[in-house]
Amino acid sequence: MAIALNSGLSEAATSNPHVLAWIRECIDLCQPDKVVWCNGSKEERQAMFEQGCTQGVFIRLNQQKWPGCYYHRSNSNDVARTEHLTFICTPNQDLVGVTNNWMNDKAAYAKLRELYRGSMKGRTMYVLPFIMGPLGSPLAKVGIELTDSLYVAASMSIMTRMGDVAWKQLGQGDEFTRCLHSLGDVNPDRRYICHFPLDNTIWSFGSGYGGNALLGKKCLALRIASFLGRQQGWMAEHMLLMGVQAPDGEKSYVAAAFPSACGKTNFAMLIPPEKYLKQGWKITTIGDDIAWMWADEKGQLRAINPEAGYFGVVPGTNMRSNPNAMKSIAKDTIFTNVALVPLEDGTYDIWWEDSDWPAPAKAIDWQGKEWKPGSNSKAAHPNSRFTAPMVNNPVLDPLANDPAGVPITAIIFGGRRSKTIPLVSQAFNWIHGVFMGAMLGSETTAAATGQVGVVRRDPMAMLPFIGYNIRDYLVHWFKMRKKMVDPPRIFTVNWFRKNDQGQFMWPGFGENMRVLKWIIDRSLGRAYAMETPLGWMPRPQDIDIEGLGMSEKDIAEAQSINLDDLKAEIMSQEELFLKMAGDMPKEMIFQRELLVSRM
Ligand code: OXD
Ligand code: MN
C-alpha cells in the first residue's frame with residue numbers, strides 16, 4: 001500500500017500513460033485528501049482491516065472463533081442491488097433495449113460529474129488494479145477501480161486477482177475497465193450505477209453495497225463483459241461452474257444459471273448423498289456466480305470463473321445446507337449485515353437466522369439496534385453477505401485457476417417456482433435450449449430491492465445483468481451455436497416446486513446430485529428420456545431414488561405437467577414477447593409456436 005499525499009501520482013505503481021491520465025482526471029474531480037495505491041497483498045488487506053477497525057468501518061470478530069474475520073455494517077438504506085438506479089449509458093437507446101434503464105451517455109457523465117465533484121474531500125482514494133479471470137487466460141480482463149471505501153478496497157482484494165499482476169497484464173496498453181466509485185453521502189436520491197459499455201467505463205455513486213460497489217463483479221464481469229463478449233464472440237453469463245467426478249475418474253463440467261438467491265452457491269458446493277460418496281462421486285467448484293465462456297479452436301465450449309472469491313447470502317447457510325460454504329467462511333472472511341453478538345471478554349461473535357447456532361439471548365441487529373429472540377424483526381438482514389476467498393473452499397476444483405478453463409458438458413437453467421415447472425427437463429436442441437433459458441422465471445428474493453415472492457421473467461437469470469439490447473443478446477446465444485461442434489446439452493430444473501399442502505416436492509441440497517447424474521448421463525448419451533411438450537424428461541425410474549425416501553410416484557408428481565398451468569405459463573411468457581414486440585428474434589417466435597403445437 002503506497003500512500004501519495006500530494007499529486008496522488010508520485011507513488012504510482014505504473015507508468016502507463018493512459019492509467020495516469022485517467023487517475024489524474026478522477027483526482028481532480030473527486031479531490032481526495034490522499035491516494036493509496038494498493039497491491040493486493042495479504043499484509044495490505046490486514047492493514048486495511050486494522051485501519052478500518054479504528055475508523056469504525058470494520059469490527060474485529062473474536063479471532064479464536066473467526067480467525068481473520070471482520071464485520072461490516074452497511075447503511076440501512078443500502079443493503080441490496082438497486083436495479084431501478086442501474087443504467088446503461090449510450091448515445092442511443094436501441095443499444096440497451098427494453099429491459100435496461102437507459103441514460104444518454106453524455107447526459108449521464110454530466111449529471112454524475114457534479115455528484116463526484118469534491119466527493120472524496122477529507123477521504124482517501126484507493127487505487128485497485130485487478131484482473132477478472134485466471135492469469136494468462138485468453139479472456140482475462142484488467143480493471144482499475146478508484147474508490148473512497150475501505151470496505152470496497154478490502155473486499156475487492158478478496159474477490160479479484162489484485163495488484164502487480166494487473167499492471168503486468170496491462171503493460172502500456174489502454175485496454176482496461178475504468179471503474180470509478182464513491183460512496184458520496186449514501187443517499188438513495190443520489191445513487192447511480194452507470195455503465196458506459198462503449199467507453200469500457202463504470203461510474204458508481206452513492207452505494208456501498210457489494211453488487212453496486214465491488215465493480216469487478218456484476219458491473220464489469222456481467223454488464224460490461226456481456227457487451228464485450230458479443231463484440232468479441234464469447235459469452236459472459238450469470239452461471240456457477242462445477243465439476244462432477246464419477247467413481248471411474250470421468251470428469252464433467254456443468255454451468256448453471258439461477259436468478260439471485262436461488263441456492264447457486266449451495267449447488268456449486270454440493271455434497272453428494274452418502275451412497276454417492278461411498279461410490280466415489282465428487283463435486284468440485286470452479287465458481288458460484290459468473291462464467292465467461294468461449295468456443296475453442298476445436299469447437300468445444302470452455303469456461304472460466306472471472307472471480308477469486310464468493311460474495312454469498314449468509315442467512316440459511318449452515319452445516320446442513322452447505323458445509324463447504326461454512327468451511328469457506330470459517331476464516332479470512334468479511335461478514336456484512338449479519339447480527340453481532342457481544343461476548344463477555346469484550347469481543348464479538350456473529351449470528352444469523354437459520355444458522356447452526358441457537359439464537360443468542362441478546363444481539364445487535366443489522367441496523368445496529370438491540371435484538372432479542374422474539375423481537376419482531378430479523379437479526380441478520382435477509383441479504384446479509386459473506387465475502388470469502390475461494391481458496392478457502394475445501395472442494396475448489398484443481399482447474400479453478402487454469403487459464404484454459406474447463407470444457408462444458410451441460411448448461412442448466414433453474415428458477416424458484418412453487419408451481420408448474422417440473423423438476424427436470426432437457427431441451428430438444430441448442431435453439432430450444434436458448435428459448436428455455438430466455439423464458440426462465442423465478443419468484444423474487446431479497447437480493448434486489450423490491451417486492452419479494454412474485455414471478456418475474458428472468459431470461460438466462462441475466463435480466464438485470466445484460467449490458468446491451470436483449471434482442472442482440474438472444475441472437476448472440478443463437479449464433480454461438482455455429483462456433484461449436486458438439487454444443488453442451490441444455491436443461492431446466494426446479495428444486496422449489498410445492499404440492500397442494502405447500503410442501504416442497506423435492507428435498508434439494510445434496511440430493512440434487514441425483515438429478516445432476518441424469519443430466520450428465522443424458523449429455524453423454526447414456527440415459528433414457530421420454531418426449532414431452534416441454535422437452536425430454538426422465539421417467540420416474542430414470543432418477544435414482546435409492547435411499548431418498550421418495551417413491552416413483554412422488555417423482556412422477558414432481559415431474560408432472562398440468563396443461564392448464566402450462567397454458568397460464570405461456571400466457572405469462574407473452575409479457576416478454578410483447579415488451580420486445582418487433583425485436584423478438586424469429587427463432588424465439590418459432591420455438592413458441594412449436595411449444596404451443598406440442599401441447
Ligand atoms: C449476487 C446477485 O449477489 O446475483 O450474486 O445478486
Ligand atoms: Mn449473482
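Higher on the page you've got the structure.
Scope of this entry: the structure provided in the associated data block. In this text, all values refer to a predicted model and were calculated from it rather than measured experimentally.

Reading the values: the criteria
- Residues numbered from 1 in each chain as written.
- Chains lettered and ligands numbered in written order.
- Predicted model: local features only at pLDDT ≥ 70, side-chain atom pairs only at ≥ 80, totals over all residues.
- Heavy atoms only, no water.
- Helix = DSSP H or I, 4+ residues; strand = E, 2+ residues; numbered from the N terminus.
- Buried < 20%, exposed > 50% of the residue type's maximum accessible area, 1.4 Å probe, protein only.
- Contact = heavy atoms within 4.5 Å.
- Areas by Shrake-Rupley, 256 points an atom, 1.4 Å probe, with all protein chains shown as cover.
- Lys, Arg positive; Asp, Glu negative; His and termini not counted.
- Charge placed at Lys NZ, Arg CZ, Asp CG, Glu CD.
- Near = heavy atom within 4 Å.
- Polar contact = N/O pair within 3.5 Å; in protein donor to acceptor, adjacent residues only side chain to side chain.
- Phe/Tyr/Trp six-rings, centres within 6.5 Å; stacked < 30°, edge-to-face > 60°.
- Lys NZ or Arg CZ within 6 Å of the ring centre and 35° of its normal.
- Axes fitted to C-alpha atoms, helices over the stretch in contact; angles between N-to-C directions.
- Parallel < 35°, antiparallel > 145°, perpendicular 65-115°, else oblique.
- Left-handed = near helix turned anticlockwise from the far one by under 90°.
- Nonpolar A, V, L, I, M, F, W, Y, C, P; charged D, E, K, R; others polar.
- Core = buried A, V, L, I, M, F, W, Y, C linked by side-chain atoms within 4.5 Å.
- Pairing = 2+ DSSP bridges.
- 1 Å grid on protein atoms, 1.4 Å probe; cavity = no way out; pocket = protein on both sides within 12 Å on 5 of 7 lines; lining within 4 Å.
- Points joined across faces, edges and corners; volume = space filled by probe spheres on them.

### Considering the overall build of the chain
Working step 1: Along the backbone of the chain there are 16 helices and 33 strands.
Working step 2: Projected onto the principal axes, the alpha-carbon positions of the chain cover approximately 70 × 60 × 45 Å.
Working step 3: Across the 599 residues of the chain, 61% fall into the buried class.
Working step 4: Sequence separation of at least 24 residues holds for 72% of the intrachain contacts in the chain that already meet a minimum separation of 6.
Working step 5: Of the roughly 22500 Å² of accessible surface on the chain, 51% is carried by carbon and sulfur atoms.
Working step 6: If the 63 positive side-chain charges of the chain are averaged to one point and the 62 negative ones to another, these points end up 1 Å apart.

### Brief notes about the site of ligand 1
Working step 1: Close contacts around ligand 1 come from seven residues, with Arg81, Lys218, Ser260, Asp289 and Arg385 the closest.
Working step 2: Take His238: an N or O atom from its side chain is 3.3 Å from an oxygen atom of ligand 1.
Working step 3: In the model, an oxygen atom of ligand 1 is placed 2.9 Å from a nitrogen or oxygen of the Arg385 side chain.
Working step 4: For ligand 1, whose free accessible area comes to 210 Å², the fraction covered by protein is 94%.

### Side note on the packing of aromatic side chains
Working step 1: Applying the stated rule across the entire model yields 30 aromatic pairs.
Working step 2: Measuring from centroid to centroid gives 6.1 Å for Phe87 and Tyr192, while their planes differ by 40°, and the two rings are tilted. One end of the pair, Phe87, is in strand E5 (residues 86–90); the other, Tyr192, is in strand E11 (residues 192–196), and 105 residues separate them in sequence.
Working step 3: Relative accessible area serves as the criterion here: at 14%, Tyr192 is assigned to the buried category.
Working step 4: On the numbers, 5.2 Å between centres and 90° between planes, the contact of Tyr116 with Phe205 is edge-to-face. You can see Tyr116 sitting in helix H3 (residues 105–116) and its partner Phe205 sitting in strand E12 (residues 201–205), a full 89 residues away along the chain.
Working step 5: Note on Phe205: relative accessible area 3%, which makes it buried.
Working step 6: Within the aromatic cluster, the residues linked to one another by ring pairs are Tyr109, Tyr116, Phe196, Trp203 and Phe205.
Working step 7: Directly above the aromatic system of Phe496 lies the positively charged group of Arg416, at a separation of 4.2 Å from the ring centroid.
Working step 8: The ring of Phe504 has Lys498 sitting right over it, with the charged end atom 4.9 Å from the ring centre.

### Regarding helix H12 (residues 470–480)
Working step 1: In terms of residue burial, H12 counts as a mostly covered element, since nine of its eleven residues are buried.
Working step 2: For H12, the set of buried residues is Ile470, Arg471, Asp472, Tyr473, Leu474, His476, Trp477, Phe478 and Met480.
Working step 3: Between the side-chain oxygen at the start of H12 and the backbone nitrogen of Arg471 there is a gap of 2.8 Å, and the oxygen is on Asn469.

### Some points on the environment of Met125
Working step 1: By secondary structure assignment, the location of Met125 is in strand E7 (residues 124–132).
Working step 2: With a relative accessible area of 0%, Met125 lands in the buried category.
Working step 3: Along the chain, Met125 and Gly8 lie 117 residues apart, while their C-alpha atoms are 9.0 Å from each other.
Working step 4: Ignoring anything within four residues of it in the chain, the contact list for Met125 reads Cys26, Ile27, Cys30, Pro32, Lys34, Val35, Val36, Met120, Leu146 and Thr147.

### Structural notes on the packing of helix H11 (residues 430–438) against H12
Working step 1: It is the contact of H11 with H12, at a shortest axis distance of 9 Å, that shows an interaxial angle of 150°. Classified by the angle their axes make, H11 and H12 are roughly antiparallel. The chirality of how H11 crosses H12 is right-handed. Residues Trp430, Ile431, Val434 and Ala438 of H11 touch H12, and the partners they reach there are Leu474, Trp477, Phe478 and Met480.
Working step 2: Class assignment of the residues belonging to the contact of H11 with H12 gives a composition of eight nonpolar, no polar and no charged.

### Here we look at the packing of helix H2 (residues 42–55) against helix H4 (residues 150–159)
Working step 1: The interhelical angle for the contact between H2 and H4, taken along N-to-C directions, is 155°, at an axis separation of 10 Å. The angle between H2 and H4 places the two elements in the roughly antiparallel class. Crossing of H2 against H4: the hand is left-handed. Counted together, Arg45, Met48, Phe49, Gln51, Gly52 and Gln55 of H2 and Leu150, Ala153, Ala154, Ser157 and Ile158 of H4 form the full contact between these two elements.

### Points about the nonpolar core
Working step 1: Grouped together as the largest cluster of nonpolar side chains are 90 residues, with contacts concentrated most on Trp292, Met293, Ile408, Ile411, Leu474 and Trp477.
Working step 2: Those residues in contact with Ile408 that lie beyond four places of it in its chain are Leu241, Tyr253, Ala255, Met293, Gln300, Leu301, Arg302, Ala303 and Pro488.
Working step 3: One finds Val244, Val254, Ile412 and Met513 within the second-largest nonpolar core, a separate group that totals 37 residues.

### Points about unusual backbone geometry
Working step 1: In this model, Asp332 sits at a positive phi of 50°, which is unusual for a non-glycine residue.
Working step 2: In this structure, Asp332 sits in the loop between helix H10 (323–328) and strand E20 (334–336).
Working step 3: The phi angle at Asp354 is positive, at roughly 60°, despite the residue not being glycine.
Working step 4: By the secondary structure assignment, Asp354 is in the loop between strand E22 (348–351) and strand E23 (363–364).
Working step 5: Asp354 sits in the partly exposed class, given a relative accessible area of 47%.

### Focus: the sheet that holds strand E17 (residues 291–295)
Working step 1: Strand order in the open sheet made by the four strands is E13-E17-E18-E26, with antiparallel pairing throughout. Across the chains shown, the open sheet's two edge strands, defined by having one partner strand only, are strand E13 (235–237) and strand E26 (406–407).
Working step 2: Of the strands in this sheet, E13 and E17 touch helix H7 (residues 216–232), which is tilted by about 145° from E13.
Working step 3: Sheet contacts for H12: E13, E17 and strand E18 (301–304); angle to E13, the most-contacted strand, approximately 120°.

### Quick look at empty space enclosed by the protein
Working step 1: Counted by the stated rule, this structure contains three cavities of 30 Å³ or more.
Working step 2: Reported here for the largest cavity is a volume of approximately 300 Å³.
Working step 3: What lines the largest cavity is a set of 24 residues, among which Ile421, Met436, Thr492, Leu534 and Gln573 lie closest to the centre.
Working step 4: At the level of elements, H11, strand E31 (489–493), helix H15 (563–580) and helix H16 (586–598) are the ones that each hand at least two residues to the lining of the largest cavity.
Working step 5: Per element, the largest residue contribution to the lining of the largest cavity is four residues, and it comes from H15.
Working step 6: Within the lining of the largest cavity, the residues separate by chemical class into twelve nonpolar, eight polar and four charged.

### Focus: the pairing of strand E14 (residues 239–245)
Residues in a regular strand project their side chains so that they alternate between the two faces of the sheet.
Working step 1: Extensive coverage of E14 is indicated by the burial of six of its seven residues.
Working step 2: Here E14 runs beside strand E15 (residues 251–257); their pairing, made up of seven bridges, is antiparallel. Within the sheet, the bridge partner assigned to Leu240 lies in E15 and is Ala256.
Working step 3: Counting the residues in the hairpin turn of E14 and E15 gives five residues, including Gly249, whose phi is positive at 95°.
Working step 4: Relative to strand E16 (residues 282–287), E14 is paired through five bridges, and the arrangement is antiparallel. Its bridge partner lying in E16, Leu241 is registered against Gly287.

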